[in-house]
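# Structural description and commentary
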Amino acid sequence: MKFLIEIGVEELPAIPFLKELKNIKPKWKSLLDEFGLRSEFEFDYTPRRLVLSGDIPEFAPDLEVENIGAPKQVALQNGSWSAAAKSFANKCGISEDELSFKEIKGKEVLYHKSVVKGKATDELLLVMLDKFIHSLNFGKSMRWGNGEHEFIRPIRSLVCILGERSLDFEIYGVRSKKGFYPHRKFGYDLVKFDSIDEYFAKLEQNGITLKSALRKEKILSEFKQIEAKSGLKIELDLELLDEVVAITEYPTALLGEFEKEFLEVPSEVIITSMKENQRYFPLHDASGKLSNHFVVVSNQICDDYSLIIRGNEKVLRARLSDAKFFWESDLASEFSSEKLKTITYLTELGSMYDKEIRERDIARSLAKIYDRELRFEFDGDYEHELDRAVMLSKADLTTGMVYEFTNLQGVMGGYYAAYRKENPFVIDAIKEQYLPSGEGSLCPRTLFSSIVAISCKLDSLIGLFSINKIPNGNKDPYALRRAAAGIIKIVLNLDINFDVKNVLNSIKSGYKEFDIKALESFIYDRLYTMYDANTSVIKACLNSGESDLKRLNSAILALDEISKSDSFKENFSTFKRLANIIKDSEILSVDESLFEDESEKELNAKFKVLSLDESDILKYLNELFGLKDAIDKFFDSVMINHENPNIKANRIALIGQIYKAFLKVADIKEITL
């Protein structure tokens, strides 16, 4: 039997809706399963409607219900039914004459089995729809009417059809009807229809492209036409495209233009203003330079779009005029860290100027570690310029442009530094201080910039840990997890050594006393999210005690590669046994004079001739895992728990030296397969 549900709403805000979009189909599927109506269905949407449709059973399946009661000796007393038995009969809806026993697990107990007929779908569908609407979580909701209803936007219409019949019900003060609201070009009254097929046909006739995939396809097709006609290339932002698809019912891509004089403003400002404020797509010429054109995706339907284009050009012109004013005003103003003294970072950590001072001290400490590499990269006195880069890194927070476009922090600072002819390394370091900014983001390009970026992140981490503002559960208001992950990504991108423990200990004195071990663990824990590896492999590497990120990365990659081989699971049991025998035993030196069996001598000899080069961890581990046959022979030939305590201790020492060699890379007893 076919069904159709449409929840008609006022225009949905794109971003919160898109965040919940991936959960909508699973939530309806879960309800179908819960009510025994599992079936195929589709979910579609426009900014003014959520639509579920497909086939659904006419009835839920019958259910067998088994009831088990008291034991026979309790149910029957002196040949009569006890109170417990009568209560059981009442519960099952049967007479006392229908009571019977069944042997379950060797004991006779009251037993009754009945079949509950499945409810009709039309009865269940209304309950399901109410639960479905209440299950949707879009973050903030709106109240309307007398304030008793709450949803992402006010609900204005409801359709619920089963077969050919419209189910009569009311939710949120709205009664179901065979009617939907058309595109506003076609009017503001409900469009009536008689059947599900007619519903879909009339949607198209009334300016509604229901399927989001078709709306996206139309937009992309028109993008190609614009590119072919203009000779320009549209900057295709997929997230922005999804937003535009979500806010249009019948999209039309239009090419607009703005005055070339606005191109004097940095391109990032123009692009940000287009995308964030207006949801426009920027265009570039053949050389990749930003063009004075934009594409707007309109939701209007008309014969002449020139008025719409002019209206959008006027809106963008006003935005860009403001941006040009901020740009020119900022260039004429002082660009320094002095104004940061009036901006509070956090009450317990002082001003943004104080933060820059701490970052400068961290950068100086890191520069000592990487002095040779910095001198190779930087031709001149890098110490002065490094101080300059850090102390100017947050200066753009005092500018009008960053006040208006907060996500351009750092980027604008780089432009203002370039205008004042700062060193190119300083300019790049200011621009790149917040990198990497998320999944797939680039890292700073140079060691110089990387030190500035790491210093920023380290100060945030240590500072907030020192005042006990530590992420808890899903809450991370200061993005400390991203900061820690950013440090790791930068280090691995540069392929440099970075000993977390040593670095933290060298800079912790500039902060209140805090649990430095907790911060170390917090940074290491980010590794679990960065590899497509068995988590026990990562844990094993961390439990080695290694604190250098470069070596940890090499160990995780090498051990993960080995553990994914076809034979590893079978072979690893040998080494798991070895590790479990050692546990917390003290590992002494091997005394070869105590060897009794040839297998002991052979295992020791094979271990001693290994070429264990820790600079090549993959080879190092393969050498150790290559001892499997010799270890198996040893386990088969001798008993570890020898009656002579000296021999027992020596045998533990023999396999213990192998375990210790593994422990330089990973604690293999932590690996689970």
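The present account deals with the structure reproduced in this document.

What counts and what doesn't
- Residues numbered from 1 in each chain as written.
- Predicted model: local features only at pLDDT ≥ 70, side-chain atom pairs only at ≥ 80, totals over all residues.
- Heavy atoms only, no water.
- Pairing = 2+ DSSP bridges.
- Helix = DSSP H or I, 4+ residues; strand = E, 2+ residues; numbered from the N terminus.
- Salt bridge = Lys/Arg side-chain N within 4 Å of Asp/Glu carboxyl O.
- Buried < 20%, exposed > 50% of the residue type's maximum accessible area, 1.4 Å probe, protein only.
- Core = buried A, V, L, I, M, F, W, Y, C linked by side-chain atoms within 4.5 Å.
- Arc of directions from axis to C-beta.
- Contact = heavy atoms within 4.5 Å.
- Polar contact = N/O pair within 3.5 Å; in protein donor to acceptor, adjacent residues only side chain to side chain.
- Axes fitted to C-alpha atoms, helices over the stretch in contact; angles between N-to-C directions.
- Parallel < 35°, antiparallel > 145°, perpendicular 65-115°, else oblique.
- Disulfide = S-S within 2.5 Å.
- Phe/Tyr/Trp six-rings, centres within 6.5 Å; stacked < 30°, edge-to-face > 60°.
- Lys NZ or Arg CZ within 6 Å of the ring centre and 35° of its normal.

## A look at the sheet that holds strand 19 (residues 281–284)
- Read from one edge to the other, the open sheet built from four strands follows the order 17-19-20-18, with strand pairing classed as antiparallel. Looking at strand neighbours, the two that pair on one side only are strand 17 (233–234) and strand 18 (252–257), the edges of this open sheet.
- Where strand 17 meets strand 19, two bridges bridge the pair, whose relative direction is antiparallel. Note on strand 19: the bridge partner recorded for K233 is H284.

## Some remarks on the pattern of salt bridges
- A full pass over the atoms with the stated rule returns 56 salt bridges.
- Close ionic contact of K211 with E42 constitutes a salt bridge, the shortest N to O distance being 2.8 Å. Of the two residues, K211 is situated in the loop between helix 5 (196–205) and helix 6 (212–230) and E42 in strand 2 (residues 41–46); the sequence distance between them amounts to 169 residues.
- For the salt bridge of E373 with R372, the shortest nitrogen-to-oxygen distance reads 3.9 Å.
- For R372, a relative accessible area of 65% translates into the label exposed.
- Each of K355, R358, E359, K394 and D459 takes part in a single network of salt bridges with overlapping partners.

## Thoughts on the nonpolar core
- Within the largest apolar cluster, 132 residues are counted, with the highest numbers of intra-cluster contacts made by L458, L461, F498, L519, L559, L621 and F625.
- Among the nonpolar cores identified, the runner-up in size contains 55 residues, and M128, F132, F169 and L241 belong to it.

## Structural notes on the sheet that holds strand 11 (residues 155–162)
- Reading across the sheet, the five strands line up as 2-3-1-11-12 and stay open at both edges, with antiparallel pairing between neighbours. Edge positions in the sheet fall to strand 2 and strand 12 (165–166), since each of these pairs with one other strand and no more.

## Looking at helix 18 (residues 500–507)
- Those residues of helix 18 that fall on the buried side of the exposure criterion are V500, V503, L504 and I507. End-on, the buried residues of helix 18 take up no more than an arc of 95 degrees, which puts them together on one face.
- Against the buried residues of helix 18 lie helix 10 (352–369), helix 16 (447–466), helix 19 (516–525) and helix 21 (549–563).
- The backbone nitrogen of K501 lies 3.2 Å from a side-chain oxygen of the residue at the head of helix 18, namely D499.

## Points about the environment of I562
- In this fold, I562 is placed in helix 21.
- With residues near it in sequence (within four places) discarded, I562 still touches F568, L618, L621, N622 and F625.

## Side note on the side chain of S39
- Here S39 is to be found in the loop between helix 1 (14–34) and strand 2.
- A distance of 2.9 Å separates a polar atom in the side chain of S39 from the backbone oxygen of D55.
- In this view, S39 contacts L32, D55, I56 and P57; residues no more than four positions away in its chain are not counted.

## Observations concerning the packing of helix 1 against helix 7 (residues 238–246)
- Remark: helix 1 packs on helix 7, axes separated minimally by 10 Å, with the N-to-C direction vectors making an angle of 100 degrees. In terms of orientation, helix 1 lies roughly perpendicular with respect to helix 7. Contacts from A14, I15 and L18 of helix 1 reach helix 7 at D242, E243 and A246.

## Structural notes on the state of the cysteines
- Taken as a whole and judged by the stated rule, the model has zero disulfides.
- The structure places no disulfide on C456, whose sulfur is separated from the nearest cysteine sulfur, that of C443, by 14 Å.

## A word on unusual backbone geometry
- That bond from L435 to P436 is cis: its omega, -10 degrees, falls within 30 degrees of zero.
- Mapped onto the secondary structure, P436 falls in the loop between helix 15 (424–432) and helix 16.

## Some words on the packing of aromatic side chains
- Per the stated rule, a full pass over the model turns up 29 aromatic pairs.
- Geometrically, the ring pair formed by F138 and F151 is edge-to-face, given 5.8 Å between the ring centres and 90 degrees between the ring planes. On the criterion of sequence distance, the pair formed by F138 in the loop between helix 4 (121–135) and strand 9 (142–144) and F151 in strand 10 (residues 149–151) is long-range, its members being 13 residues apart. An identical accessibility class is assigned to F138 and F151; each is buried.
- Over the face of the ring belonging to F101 we find K72, whose NZ or CZ atom lies 5.5 Å from the ring centre.
- Against the face of F635 rests R577, its NZ or CZ located 4.0 Å from the ring centre.

## Examining the environment of I462
- Relative to the assigned elements, I462 resides in helix 16.
- For I462, a relative accessible area of 0% translates into the label buried.
- Beyond its immediate chain neighbours, meaning those up to four positions away, I462 contacts L504, I507, Y511, F514 and L519.

## Some thoughts on the pairing of strand 7 (residues 101–104)
- Of the strand pairs in this sheet, strand 7 and strand 8 (residues 107–116) are connected by four bridges, and their pairing is antiparallel. Pairing of E103 across the sheet is with E108, part of strand 8.
- Count of turn residues in the strand 7/strand 8 antiparallel hairpin: two residues, of which K105 carries a positive phi of about 55 degrees.

Just distances and angles here, no functional claims.
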